[in-house]
Amino acid sequence: MVQTEIAIEPRGPFSWDAANDVGRNFGPVRHNWQEAGAVRMTLLLDGSFEPVGVDLRFEDGALRGEVAGTDDIGAVERQVARVFSLDVDGSGYLEVGRHEPRVGRLMEALPGLRPVCFTSTYETAAWAVTSQRISMKQAAAIKGRLIAEHGHPLTLGGVERRCFPSPERLLEVGSVPGLASEKLERLHGHARHALNRLRECHRLPSPGHRA
């Protein structure tokens with residue numbers, strides 16, 4: 001049977017409710033929390049920019065998700081773990097609060113809170129370009145237009161969603177309402193750089209190869 005589901009067990013404290021609260025209120029990633037009560041995450045897979053979707057839920061002590069768009073379930077699991085900071089062993093975190101009262105008070109106020117991150121360094125860099133000298137609200141709206149008009153379509157839980165544009169698609173974008181032409185030029189440069197790095201990786205010899 002082909003595996004289609006990821007399962008990530010947190011090491012140390014983790015609150016799914018707190019993660020959802022951050023996701024719903026943090027503009028750069030809010031598009032993954034569009035439906036009430038559902039987290040349908042779209043991402044470009046590290047190393048290949050393959051569009052992937054994950055229908056996420058927290059169940060039986062683990063973050064679980066149905067995967068669409070790829071057979072590389074291990075890569076998806078690692079990337080989703082990083083998004084929710086579950087790639088870090090937090091088993092000793094509570095001990096910090098016992099030794100440092102101010103940290104302990106924060107832990108009590110926000111139990112199980114971990115950072116919710118961008119889905120990839122590629123998307124993070126695109127946000128850094130887009131959000132310069134404008135509000136987060138404006139930048140999130142521009143990102144939403146990029147996704148809606150140029151993103152890769154995926155079906156998650158019977159709902160069509162779109163992924164952030166891959167480098168190839170980003171290079172095809174001629175204009176985006178609200179995005180300055182200079183910023184679009186920088187995004188195109190970012191896309192070309194990402195593609196060049198991908199091509200360089202593909203040219204590397206395999207382990208054990210002898211010239």
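Computed from a prediction, not measured in an experiment: that's the story for all the values here.

### A look at the nonpolar core
At step 1: Ile6, Leu56, Val80 and Phe84 are the most contacted members of the largest nonpolar core, which has 25 residues in total.
At step 2: Residue assignment for this core shows that the elements contributing at least two residues are β1 (5-8), α1 (16-25), β2 (39-44), β3 (51-59), β4 (62-68) and α2 (73-83).
At step 3: When residues no more than four places from it in sequence are discounted, the contact partners of Phe84 are Phe14, Trp16, Ala19, Trp33, Met41, Leu56, Leu63, Arg114, Pro115 and Val116.
At step 4: If you look at the next biggest cluster of nonpolar residues, it comprises 20 residues, including Phe49, Leu146, Phe164 and Ala191.

### Thoughts on the pattern of salt bridges
At step 1: Summed over all chains, the structure comprises 10 salt bridges.
At step 2: A salt bridge links Arg40 to Asp55; the shortest N-O distance between them is 3.5 Å. Of the two residues, Arg40 sits in strand β2 while Asp55 sits in strand β3, which places them 15 residues apart along the sequence. For the residue pair Arg40 and Asp55, the accessibility class agrees, reading buried in each case.
At step 3: Through salt bridges with shared partners, a single ionic network connects Glu35, Arg40, Asp55 and Arg161.

The rules behind each value
- Residues numbered from 1 in each chain as written.
- Predicted model: local features only at pLDDT ≥ 70, side-chain atom pairs only at ≥ 80, totals over all residues.
- Heavy atoms only, no water.
- Core = buried A, V, L, I, M, F, W, Y, C linked by side-chain atoms within 4.5 Å.
- Buried < 20%, exposed > 50% of the residue type's maximum accessible area, 1.4 Å probe, protein only.
- Helix = DSSP H or I, 4+ residues; strand = E, 2+ residues; numbered from the N terminus.
- Contact = heavy atoms within 4.5 Å.
- Salt bridge = Lys/Arg side-chain N within 4 Å of Asp/Glu carboxyl O.

Taken by themselves, the reported measurements are silent on function.
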